[in-house]
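Each chain, letter by letter, is given below.
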Amino acid sequence: MGPQTDDEARPVPHDLRLPAVAVAAWLGAIAARSAGAVVTALLGAAAAVALLGLVLRRVDGKVVRLACACLLVASGVAAVALVRGDAAAHGMLAGLAEQRAFADLTGTVVSDPATLEGPYGRQVVVRVRVASVAARGATYRLGAVVVVIGTRAWDGTELGATVGFSGRLAPADEGEVAALVTGARDPVRIRGPDVWWRGAAAVRASIRRTVSARPSAERALVPALVDGDDGEVPTTLQQDFRTTGLTHLTAVSGTNLTLVLGALLLVARGAGVRRRWLTVVGLLGVAGFVLLARTEPSVLRAAAMGTVGLFALGTDGRRRGLRALGVAVTGLLLVSPGLAVSAGFALSVLATAGIVVLGPPVQESLGRWLPRPVAAAIAVPFAAQLACTPVVAALSGGVSLVAVLANLLVEPVVGPATVLGLAGGLVGLVCPSLGRLLGLGASLCVRWIVAVAERGADLPLAAVSWGAGPVAIGVLVLVCLLIALLAPVLLRRRSVGALVIVGTLLVILGVPGKVLPGPGTWFGDWPPKGWVLVACDVGQGDALVLSVRPGVALVVDTGPDPTLVDHCLDRLGVREVPLVVLTHYHADHVDGLDGVLRGRSVHAIEASPMLDPTEGVDQVHDIAARAGLTVTTAPVGLTRTFGGVTLEDLWPDLPAPVPGPGDGSAANDNSVVLLVESHGLRLLLTGDVEPTGQQRLAAALPGLDIDVLKVPHHGSSHQDLDWLHALRAEAALVSVGVDNDYGHPDADLLASLAGDGTVIARTDRDGDIAVLAGERGPVVVTDH
């Protein structure tokens, strides 16, 4: 072989044309969702001009032609997003939902039932694509998706089955969902699932059976790893996976598909399949994977990203991988524009792009002094994690330092666990004993993953609290870009590369403290001195603390988890609680009451006069009785003073306790609403009061002017915006859980409040939130 020429030695540049088109499609979808018809019309006009120029061949230059193509794609995706959003928001079902109509519906189940503890107790949530709806004396044919919230009878519904049911329609927060169906009656099965759905369900059940005798963590994690069936994964293990950057293993991702297809194609090659028939086998594998993991947007996204990964592994992988990524992103956004604002979609695309773009140069540099398999094992998780770090920080307020190490340690067993788990499920259909043997192999691999997650989460510096504000994320983006540029250079030399790796390990292992304090606590302990109110981060629920004096505070709502509110009060140093106010009896506001009572002196408990739901009322009274307390009714119209805190009960206007329907439907709008004055600040604590109650408050208290607003109902879209704007709050607090099932908080609501100059803080991103009295009004300090 002759010497390498300059052209051969020069690295092939990335082809950025299709990625540029994909970025344009992404921006078009975001523009349509945020700015609506005006921006879409402008994009359409610009695209028409660009198309005319291309047709008439009046456009010269590659860059200009690419810009025209980007305009065309952006306008197309924006138009699709606008049409779908308009159909969901203003269609027949949406109109009936606004009227809260009772309807009889027929449709096909399009998701597995999910059981969750909601504000009305244990409920089952399932998505149904509606074929017909009968309401208000008329019958309509349509194809919209609704979210059904029903009893445990829905837990047995099968994906793909056609069912009939009835319930009360309500508006939905999620853009592409036409309506909610609340209080759904038990479903009537009209037709069973098609054969392919029955086959997929049989394989999923078989996978669970093959590991049913294993310890709980392994029994839950094998199905999650193979097909995303993560309903049984313990909460503590989920938290350890988040800390160590391993959450992608418990969700359906492109990695799953790449592993399954890789094994399938290997078997096909061994069986003599060649050339185009391999493509057919691969496509059948993709279809089977989608059926097994369910045809939800996240699964389709994973299938697309996994296919991109296969392109990247082939000849000329970097160029082909980027092209495939551009096509995949554009296609997914055309099919489902709502993915443009999905955190999972962003993480999946960024991880794939990081592996395709940054992975090869890092692997090449490490390969100069490490064995190639070891270099690849380090480069892939490093590239993916670095690309995703800013988005992860924006969502969680933290940066995992142990993620690359954890992914490196588990990578050798992820493939065998996935393939053995799937093989066990398939073989178990015909030979259960052999299926259990393969399941044993998968669970042993998973045992190592669990050990890495648990040990990694316990490391002294597993994660660093960073912050989720624009400045913090902007700085992090710059840091990640700098690392991406320097890593291939620094890791090229053995001495420097080894120093970087060893230094990183020493930082992770040697610094005291599991998690560094966040920017809100770098210059002092939490809570900040002089705090007036703290919104505790208790997940999807409310728990507010009003400082009376050191060690003494009032508590308004207790959140859904006793441990979380207890921890929050411990950090605040609260040992005495003169009064607990429960705004209403939903679980996400009262289930933490035990935590407030734990080791503290509590003098009194007051609650809403609306005794609904019955389960919550009974639970609160039982807990109070065990503590020697009696729950009394919050006295509307009464003003009281606790130290320097003045408390005025504004709502509800019920003179005495009233029994509700029992199902919790009357609770929200009868939430206790409090006007608090402390340290010169006026704070309005609104519980979950709904638009009807808000309008009556506006009529009863015209001109009410406050400094701080606790946004009603966790930032739901169902608000009286005129009233919220009229309050002229300088700061608004949203108490909400990460990745909650209700779509809270509503992005349009937050944008509307921010448009007034209101500072927004939310517990899902900022952690605990403290309000202080500044010289010119409220000052918001967050734990993150």
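About the criteria used
- Residues numbered from 1 in each chain as written.
- Predicted model: local features only at pLDDT ≥ 70, side-chain atom pairs only at ≥ 80, totals over all residues.
- Heavy atoms only, no water.
- Helix = DSSP H or I, 4+ residues; strand = E, 2+ residues; numbered from the N terminus.
- Buried < 20%, exposed > 50% of the residue type's maximum accessible area, 1.4 Å probe, protein only.
- Contact = heavy atoms within 4.5 Å.
- Areas by Shrake-Rupley, 256 points an atom, 1.4 Å probe, with all protein chains shown as cover.
- Salt bridge = Lys/Arg side-chain N within 4 Å of Asp/Glu carboxyl O.
- pLDDT = per-residue confidence, 0-100.
- Pairing = 2+ DSSP bridges.
- Axes fitted to C-alpha atoms, helices over the stretch in contact; angles between N-to-C directions.
- Patch = residues over 30% accessible without salt bridge, like charges linked within 9 Å, V, L, I, M, F, W, Y side chains within 5 Å.
- Disulfide = S-S within 2.5 Å.
- Core = buried A, V, L, I, M, F, W, Y, C linked by side-chain atoms within 4.5 Å.
- Polar contact = N/O pair within 3.5 Å; in protein donor to acceptor, adjacent residues only side chain to side chain.
- Left-handed = near helix turned anticlockwise from the far one by under 90°.
- Nonpolar A, V, L, I, M, F, W, Y, C, P; charged D, E, K, R; others polar.
- Parallel < 35°, antiparallel > 145°, perpendicular 65-115°, else oblique.
- Arc of directions from axis to C-beta.

> Where do I start with the overall build of the protein chain in this structure?
If you tally the helices and strands in the protein chain, you get 27 helices and 30 strands. Looking at the 784 residues of the protein chain, the share that counts as buried comes to 48%. A fraction of 71% describes how many contacts in the protein chain between residues 6 or more apart in sequence connect residues 24 or more apart. Surface exposure of the protein chain reaches about 35600 Å², of which carbon and sulfur atoms provide 61%.

> What should I look at first to understand the pattern of salt bridges in this one?
Side chains that differ in sign of charge can pair as their charged atoms come close. A full pass over the atoms with the stated rule returns 18 salt bridges. Here aspartate 570 ties to arginine 575 by a salt bridge, and the two come within 3.0 Å at their closest N and O atoms. For aspartate 570, a relative accessible area of 40% puts it in the partly exposed group. Under the relative-accessibility criterion, arginine 575 is labelled partly exposed at 42%. Note that arginine 682 and glutamate 677 form a salt bridge whose closest N and O atoms lie 2.8 Å from each other. The network of salt bridges with shared partners includes Asp566, Asp570, Arg575, Arg598 and Arg600.

> Mind showing me how you'd approach the environment of alanine 666 here?
Position of alanine 666 relative to the elements: it lies in the loop between β23 (658-659) and β24 (673-678). Counting along the chain gives 55 residues from alanine 666 to leucine 611, while the straight-line C-alpha distance between them is 8.8 Å. When residues no more than four places from it in sequence are discounted, the contact partners of alanine 666 are Met610, Asp612 and Pro661.

> What exactly am I supposed to notice about the confidence of the model for the protein chain here?
Close reading of the predicted structure is inappropriate where its pLDDT is low. Taken over all residues, the pLDDT of the protein chain has a mean of 81, while the share at 70 or more is 81%. This model gives residues 1-10 a pLDDT under 50, and the stretch forms 2 contacts once residues within four places in sequence are excluded. Residue range residues 508-524 is modelled with pLDDT below 50. Its contacts to residues more than four positions away, or to other chains, number 41 contacts.

> So what exactly am I meant to see when it comes to the sheet that holds strand β26 (residues 708-710) here?
Remark on secondary structure: sheet strands pair via backbone hydrogen bonds, oriented parallel or antiparallel. Across the sheet, which stays open at both edges, the 7 strands sit in the order β21-β22-β24-β25-β26-β27-β28 with mixed pairing between neighbours. Two strands lie at the open edges of the sheet, namely β21 (639-642) and β28 (759-762), each paired on one side alone. The average angle at which neighbouring strand axes cross in this sheet is 20°, direction not considered. Lying over the sheet, helix α26 (residues 747-755) contacts β27 (731-734) and β28, oriented at roughly 145° with respect to β28.

> Explain a nonpolar patch on the surface here, please?
A cluster of nonpolar side chains, namely Val23, Leu27, Ile30 and Val341, defines an oily patch on the protein surface of about 340 Å² accessible area. By the element assignment, isoleucine 30 lies in helix α2 (residues 17-35).

> Can you walk me through the state of the cysteines in this structure?
Each disulfide is one covalent bond, formed between the sulfur atoms of two cysteines. Scanning the entire structure with this criterion turns up 1 disulfide. Considering cysteine sulfurs only, cysteine 388 is the nearest to cysteine 480, which forms no disulfide, with 9.9 Å between them.

> Would you mind showing me how to read the nonpolar core here?
The nonpolar side chains of a soluble globular protein tend to be buried, and buried together. Formed by 34 residues in total, the largest nonpolar core has its most connected members in Val545, Leu572, Val580, Val596, Val602 and Ile605. Residue assignment for this core shows that the elements contributing at least two residues are β12 (531-535), β14 (552-556), α20 (562-572), β16 (580-582), α22 (593-597), β18 (605-607), α23 (614-626) and β29 (769-774). With residues near it in sequence (within four places) discarded, valine 602 still touches Val577, Val580, Val596, Leu597 and Leu629. Formed by 29 residues, the second largest nonpolar core is a distinct cluster that contains Ala220, Val226, Val233 and Phe241.

> Quick question: what am I supposed to make of the environment of serine 111 here?
Its location among the elements puts serine 111 in the loop between β1 (102-109) and β2 (114-118). Classification of serine 111 by relative accessible area gives buried; the value is 6%. In this structure, the C-alpha to C-alpha distance between serine 111 and glutamate 158, residues 47 residues apart in sequence, is 8.4 Å. From its side chain, serine 111 meets the backbone nitrogen of arginine 127 in a polar contact 2.9 Å long.

> Got a minute to help me understand the packing of helix α6 (residues 195-210) against helix α7 (residues 216-227) in this structure?
Here α6 crosses α7 at 145°, and the two axes come no closer than 8 Å. As for the relative orientation of α6 and α7, their crossing is right-handed in sense. Packed against α6, whose contacting residues are Arg204, Ile207 and Arg208, the element α7 presents Val222, Pro223, Val226 and Asp227 at the interface. Split into classes, the residues belonging to the contact of α6 with α7 amount to 4 nonpolar, no polar and 3 charged.

> I tried to follow the packing of helix α13 (residues 343-357) against helix α14 (residues 359-366) on my own but got confused; where do I start?
Packed helix pairs are specified by the crossing angle of their axes together with the interaxial distance, meaning the distance between the axes. Two elements in contact, α13 and α14, have axes whose closest approach is 4 Å; the angle formed by their N-to-C orientations is 45°. When the interaxial angle is binned, α13 and α14 end up oblique. Residues Gly354, Ile355, Val356 and Val357 of α13 form the contact with α14, whose own contacting residues are Gly359, Pro360 and Pro361. A per-class count over the contact of α13 with α14 returns 5 nonpolar, 2 polar and no charged.

> Before we go on, may I ask you to explain α20 in this structure?
The periodicity of an α-helix, 3.6 residues per turn, causes residues three or four places apart in sequence to face the same way. Restricting attention to buried positions, one finds in α20 the residues Val565, Asp566, Cys568, Leu569 and Leu572. The buried residues of α20 occupy an angular sector of 160° when projected down its axis, which confines them to one face. Against β12, β13 (544-549), β14 and α22 lie the buried residues of α20. For α20, the N-terminal cap is aspartate 561; the gap from its side-chain oxygen to the backbone nitrogen of threonine 563 is 2.8 Å. Phi turns positive, to about 75°, at glycine 573, one or two residues after α20.

> Sorry if this is basic, but what is going on with the pairing of strand β30 (residues 777-782) here?
When a strand is regular, its side chains alternate between the sheet's two faces. Here 6 bridges tie β29 to β30, and the two strands are oriented antiparallel to one another. Bridging from a neighbouring strand, valine 771 pairs with valine 780 of β30. Linkage of β29 to β30, two consecutive antiparallel strands, is achieved through a turn of 2 residues.

> Please clarify how the side chain of aspartate 542 should be interpreted in this entry.
With respect to the helices and strands, aspartate 542 occurs in the loop between β12 and β13. By relative accessible area, aspartate 542 is classed as buried at 0%. Reaching out from aspartate 542, the side chain makes a polar contact with the side chain of histidine 714 at a distance of 3.3 Å. Apart from the residues within four sequence positions on either side, aspartate 542 is in contact with Asp557, Thr558, Gly559, Asp588, His589, Gly687, Lys710, His714 and Ser735.

> Would you explain the pairing of strand β6 (residues 162-170) in this entry?
Taking burial as the measure, the 9 residues of β6 include 8 buried ones, the bulk of the element. Both β1 and β6 contribute to a ladder of 7 bridges, which runs antiparallel. Counterpart to threonine 106 in the pairing with β6 is glycine 164. Relative to strand β8 (residues 188-191), β6 runs antiparallel, the two being bridged by 3 bridges. Among the inter-strand pairings, valine 163 is bridged to a residue of β8, identified as arginine 189. Bridge count for β6 against strand β7 (residues 179-184) is 3 bridges, and the pairing is antiparallel. Of the residues in β7, the one forming a bridge with arginine 168 is threonine 182.

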